[in-house]
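# An overview of the molecular structure
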Amino acid sequence: MKRLPRVLIVEDEPAIAELIAVNLRHNGFSPIWSEDGDSAQRELDAILPDVILLDWMLPGQSGLALARKWRADSRTKPIPILMLTARGDEPDKVAGLDAGADDYITKPFSTQELLARIRAVLRRRAPEQLSDSVSIGVLTLDAATHRVTCQEQPVKVGPTEFKLLHYLMKHPERVHSRSQLLDKVWGDHVFIEERTVDVHVKRLREALGMAGAMVETVRGAGYRLTAQPKALLQA
Ligand code: CA
């Protein structure tokens, strides 16, 4: 059976927490409730949730301080945080996003809105699944065996370059912006700079040797994998 996504609700008002928990349970999630930062930390130390719903105004450490703390911790860093703020607190929202929240939702909110936001952050965090084999031009990539070949010769690429190449090969002849690649290959572009993409594209090209020209830079737009690179046609 598929595991239900765990949602840690950090909210000091029992009525609100209960309402959220009931709705989540009815919609295929497994909610856990903590009423303050300390008990939330104990939950996180025990089992990592898939999403954290974090209230802004909490007794003790504020939601903002908690978001910062969990973002700075490598263990909790990948968990999406959805901040719950009061209506009209515009500066709060900005500060929350600055502190590392993935999104915010304003109270009072509808169940549908909450579920949509949770599903959206979960989707954004789920990297493209790697499961098949694909060939473009001289390149073949087999996801099952984690092998890349160029004209039947094995090519050694690092794990990130492999994922990047796989994505490009599955969507060839199309331009992908850096942020699209971060979204699809890294699964999260909130904490990674776009320049990271350039670094891995460079490494990928070097690893591919002659076939590296297939990974084209499209000025001002991003990258494209093509079976017929201009650089080779001109050579
Ligand atoms: Ca509160």
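Here the structure is a predicted model, which means the values were calculated and not measured.

## Points about the coordination of the calcium ion
- On the protein side, the calcium ion has Asp-12 (OD), Asp-55 (OD) and Met-57 (O) as donor atoms, found 2.1 to 2.3 Å from it.
- Read N to C, the donor residues that coordinate the calcium ion are spaced as D-x42-D-x1-M.

## Side note on helix α3 (residues 63–72)
- Among the residues of α3, Gly-63, Leu-64, Leu-66, Ala-67, Trp-70 and Arg-71 are the ones counted as buried. Angularly, the buried residues of α3 cover 160° about the axis, an arc narrow enough to put them on a single face.

## Description of the pairing of strand β7 (residues 139–142)
- Covered by surrounding structure in β7 are Leu-139 and Leu-141 only, the residues Thr-140 and Asp-142 on the alternate face being uncovered.
- Where strand β6 (residues 133–136) meets β7, four bridges bridge the pair, whose relative direction is antiparallel. The residue of β7 that forms the bridge with Val-134 is Leu-141.
- Bridging between β7 and strand β8 (residues 147–150) involves four bridges; their strand directions are antiparallel. Bridge assignment links Thr-140 to a residue of β8, and that residue is Thr-149.

## A closer look at the nonpolar core
- One finds Leu-165 and Leu-208 to be the most contacted residues of the largest nonpolar core, which totals 27 residues.
- Only β6, β7, β8, α6 (159–170), α7 (178–186), α8 (195–208) and β11 (222–225) provide two or more residues apiece to this core.
- Per-element tally for this core: the top contributor is α6, with six residues.
- The next biggest cluster of nonpolar side chains, apart from the first, holds 18 residues, and it includes Leu-44, Leu-54, Leu-64 and Met-83.

## Section: the sheet that holds strand β2 (residues 30–34)
- Spatial strand order, β2-β1-β3-β4-β5: five strands in an open sheet with parallel pairing. Looking at which strands have only one partner, the edges of the open sheet turn out to be β2 and β5 (103–107). Between one strand and the next, the sheet's axes are offset by a mean angle of 20°, whatever the strand orientation.
- Taken together, the four bridges between strand β1 (residues 6–10) and strand β3 (residues 51–55) define a ladder with parallel strand orientation. From the neighbouring strand, Val-7 faces β3, where its bridge partner is Val-51.

## Some remarks on the environment of Gln-61
- Inspection of the secondary structure assignment puts Gln-61 in the loop between β3 and α3.
- Note: C-alpha distance between Gln-61 and Gly-37 (24 residues apart in sequence) is 6.0 Å.
- Once residues within four sequence positions are removed from consideration, Gln-61 is found in contact with Asp-38, Leu-66 and Lys-69.

## Some words on the sheet that holds strand β9 (residues 153–155)
- Taken in spatial order, the four strands of this open sheet run β6-β7-β8-β9, and their pairing is antiparallel. Each having just a single partner strand, β6 and β9 make up the two edges of the open sheet. Across the sheet, the mean angle from the axis of one strand to that of its neighbour is 25°, orientation sign disregarded.
- The pairing of β8 with β9 spans three bridges and is classified as antiparallel.

## Thoughts on the packing of α6 against α7
- At a minimum axis separation of 10 Å, α6 and α7 run at an interaxial angle of 110°. As the angle between them shows, α6 and α7 are arranged roughly perpendicular. Crossing handedness for the pair α6 and α7: right-handed. For the pair α6 and α7, the contacting residues are Thr-160, Lys-163, Leu-164, Tyr-167 and Leu-168 in the first and Leu-181, Lys-184, Val-185 and Trp-186 in the second.
- Residue composition of the contact of α6 with α7, by class: six nonpolar, one polar and two charged.

About the cut-offs
- Residues numbered from 1 in each chain as written.
- Predicted model: local features only at pLDDT ≥ 70, side-chain atom pairs only at ≥ 80, totals over all residues.
- Heavy atoms only, no water.
- Donors = N, O, S within 2.8 Å, 3.2 Å for Na, K, Ca; no water.
- Buried < 20%, exposed > 50% of the residue type's maximum accessible area, 1.4 Å probe, protein only.
- Helix = DSSP H or I, 4+ residues; strand = E, 2+ residues; numbered from the N terminus.
- Arc of directions from axis to C-beta.
- Pairing = 2+ DSSP bridges.
- Core = buried A, V, L, I, M, F, W, Y, C linked by side-chain atoms within 4.5 Å.
- Axes fitted to C-alpha atoms, helices over the stretch in contact; angles between N-to-C directions.
- Contact = heavy atoms within 4.5 Å.
- Parallel < 35°, antiparallel > 145°, perpendicular 65-115°, else oblique.
- Left-handed = near helix turned anticlockwise from the far one by under 90°.
- Nonpolar A, V, L, I, M, F, W, Y, C, P; charged D, E, K, R; others polar.

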